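Residues per chain, in single letters:
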Amino acid sequence: MGKIMPNRLDRGFYKYQAEFEAKALEVLRSGWYILGHEVESFEKEFADYLGAKHCVGLASGLDALWIAFRVLGIGRGDEVIVQGNTYIASVMGITMNGATPIFVEPDEYFNIDAAKIESKITDKTKAILVVHLYGQASNMSPILEICKKYNLRLVEDCAQSHGAKYNGQQTGTFGDIGCFSFYPSKNLGAFGDAGAIITNSDKIAIDTKIFRNYGSEKRYYNKVVGANSRLDEIQAGLLRVRLKHLDELAQEKEKICGRYLSELNNKKFVLPKVRDGATHIWHQFVIRSKYRDELIKFLDDHDIGTIIHYPIPPHLSEAYKYLNVKEGTLPITEEYAKTVLSIPLYNGMTKEEQDYIIRVMNEF
Ligand SMILES: *Cc1c(COP(=O)(O)O)cnc(C)c1O
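The structure reproduced in this document is the subject of the present report.

The rules behind these values
Residues numbered from 1 in each chain as written. Predicted model: local features only at pLDDT ≥ 70, side-chain atom pairs only at ≥ 80, totals over all residues. Heavy atoms only, no water. Near = heavy atom within 4 Å. Polar contact = N/O pair within 3.5 Å; in protein donor to acceptor, adjacent residues only side chain to side chain. Areas by Shrake-Rupley, 256 points an atom, 1.4 Å probe, with all protein chains shown as cover. Helix = DSSP H or I, 4+ residues; strand = E, 2+ residues; numbered from the N terminus. Nonpolar A, V, L, I, M, F, W, Y, C, P; charged D, E, K, R; others polar. Salt bridge = Lys/Arg side-chain N within 4 Å of Asp/Glu carboxyl O. Buried < 20%, exposed > 50% of the residue type's maximum accessible area, 1.4 Å probe, protein only. Axes fitted to C-alpha atoms, helices over the stretch in contact; angles between N-to-C directions. Left-handed = near helix turned anticlockwise from the far one by under 90°. Contact = heavy atoms within 4.5 Å. Core = buried A, V, L, I, M, F, W, Y, C linked by side-chain atoms within 4.5 Å. Lys, Arg positive; Asp, Glu negative; His and termini not counted. Phe/Tyr/Trp six-rings, centres within 6.5 Å; stacked < 30°, edge-to-face > 60°. Lys NZ or Arg CZ within 6 Å of the ring centre and 35° of its normal.

**A closer look at the site of the ligand**
Point 1. As a matter of local geometry, the ligand sits amid 13 residues, with G61, D157, Q160, S181 and K186 nearest to it.
Point 2. Q160 is positioned with one of its side-chain polar atoms (N or O) 2.8 Å from an oxygen atom of the ligand.
Point 3. When the free accessible area of the ligand is taken as 380 Å², the share hidden by the protein chains comes to 91%.
Point 4. Elements represented by at least two residues in the shell around the ligand include exactly α4 (61–71) and α5 (88–95).
Point 5. Its residues assigned to classes, the shell around the ligand comprises 6 nonpolar, 5 polar and 2 charged.

Written out as structure tokens, the structure reads:
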């Protein structure tokens, strides 16, 4: 069987090889590679899929976060509330604009603990950045109430939640802007870097389109100092292929995780939980264990690879020393960083691989 890797992007490619190859050739032969038919079509199809008015393709998920706060006018002197246990790019989207992240502890579903937000609001608070971490929708009802009560902007980091819903509504459509990454390992993954924002606001969509293209709406007439953050035609084309299969890819992962949830039974680790009213698209299957280091070694000895998402929370990383958020300030976040472990999960995982992972994990 060979070593089982935490992820296998090649399997996702070979599943639809003929379609991907046909699309790649079509774009290569078209002679048009930046901001054309494929990007426009993908933007329309992805917005429709989510039930949003606009999608604007960008170069990466981090760019989507950075540009989201930029077009909302959030920057120096402003505070943005975000969960402590996120991927560091969420926080960089805030700080690249000069704004300050204010960290809130996660709940037992690994998402922001809505009950702990209000005490962090000050007169500098401008927005909440909700991260639907690992693929599960966050607890949106109380968060929406808080945004309304304090007149805050709501931005969603959906880099891991393509297609996840809360009370039947797609993540990314609750707030002002939903930010997506199509990094190859994401549930809707490209074959290189790619990202997008979605929004129901005409103004935000136009401002984002201007910003991504040197600040110009009309060629050589520049309104603002923008960036080059365009989604490539070839990536957009390949994303259109994957988007057509996104629901069936999600069902396949749901089945694998259903087996993990019902067949893994070892008291040495805790399984992830799904919130009532939320759906989980299983970007990662994240367990927690006090014996994590031994478990990693045991699995590795049995040719099963794992990853930690994430070993160092943003507030303790060297990059954010300047924020001066000391160790011990976010005990739950820090505890998660010491105990979480992502086990292998990918489209195209064979039954034999699933059986083996379940058997070995139960033997630990
Ligand atoms: C992947 C990811 C990002 C960054 O996306 P890139 O496309 O890699 O820039 C941001 N936030 C979260 C939660 C992510 O998982």
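**Focus on the pattern of salt bridges**
Point 1. Counted under the stated rule, the structure contains 25 salt bridges.
Point 2. Residue R240 pairs with E38 through a salt bridge whose shortest N-O separation is 3.0 Å. Of the two residues, R240 sits in helix α8 (residues 233–244) while E38 sits in helix α3 (residues 37–50), which places them 202 residues apart along the sequence.
Point 3. Its relative accessible area of 4% is what places E38 among the buried residues.
Point 4. With a closest N to O distance of 2.9 Å, D301 and K297 form a salt bridge. Of this pair, D301 and K297 both sit in helix α10 (residues 292–301), 4 residues apart, roughly one helical turn. For the pair shown, D301 and K297 are each scored as exposed.
Point 5. A single salt-bridge network, built from bridges that share partners, covers K23, E26, E38, E45 and R240.

**A word on the packing of α4 against α5**
Point 1. Taken N-terminus to C-terminus, the directions of α4 and α5 make an angle of 30 degrees; their axes are 7 Å apart at the nearest point. Two packed elements cross with a definite hand, and for α4 against α5 that hand is right-handed. Where α4 approaches α5, its residues L62, L65, W66 and F69 are matched on the opposing element by A89, S90, M92, G93 and I94.
Point 2. Among the residues forming the contact of α4 with α5, the class breakdown is 7 nonpolar, 2 polar and no charged.

**A few points about the nonpolar core**
Point 1. Counting 38 residues, the largest nonpolar core has F69, V80, L129, I177, C179 and I197 as its most contacted members.
Point 2. Sorting the residues of this core by element identifies β1 (54–58), α4, β2 (79–83), α5, β4 (125–131), β8 (177–181) and α7 (202–212) as the ones contributing at least two each.
Point 3. In terms of residue count, α4 provides more of this core than any other element does, 7 residues in total.
Point 4. If near-sequence neighbours (up to four positions away) are discounted, C179 is found in contact with A64, L65, A68, V155, E156, D157, C158, A159, A196 and I197.

**Considerations on the side chain of K186**
Point 1. Relative to the assigned elements, K186 resides in the loop between β8 and β9 (195–199).
Point 2. Within the buried set, K186 has no salt-bridge partner at all; the shortest N-O distance to an opposite charge, 7.0 Å, is to D157.
Point 3. Each residue touching K186, except ones within four places of it in the same chain, is listed here: A159, H162, S181 and H283.

**What about the environment of G178?**
Point 1. Looking at the secondary structure, you find G178 in strand β8.
Point 2. Ignoring anything within four residues of it in the chain, the contact list for G178 reads E156, C158, G172, A196, I197 and I198.

**Structural notes on the packing of aromatic side chains**
Point 1. Considering all chains together, one arrives at 19 aromatic pairs under this definition.
Point 2. Considering the side-chain rings of F13 and F191, the 6.1 Å spacing of their centres and the 80 degrees angle between planes classify their relative orientation as edge-to-face. Taken as a pair, F13 in helix α1 (residues 9–15) and F191 in the loop between β8 and β9 lie far apart in primary sequence, 178 residues in all.
Point 3. An angle of 90 degrees between the planes, with centres 5.4 Å apart, marks the rings of F42 and F182 as edge-to-face. Remark: F182 occurs in the loop between β8 and β9 and F42 occurs in helix α3; sequence separation between them is 140 residues.
Point 4. Taking relative accessible area as the criterion, F42 reaches 0% and is therefore assigned buried.
Point 5. Looking at F182, the relative accessible area reads 0%, which means it is buried.
Point 6. Taken together, the aromatic side chains of F13, Y14, Y16, F20 and F191 make up a single cluster linked through ring pairs.
Point 7. Of note, K218 hangs over the ring of Y221, and the distance from its end group to the ring centre comes to 4.2 Å.
Point 8. In this arrangement the basic side chain of K268 is found over the ring face of F364, its NZ or CZ atom lying 5.9 Å from the centre.

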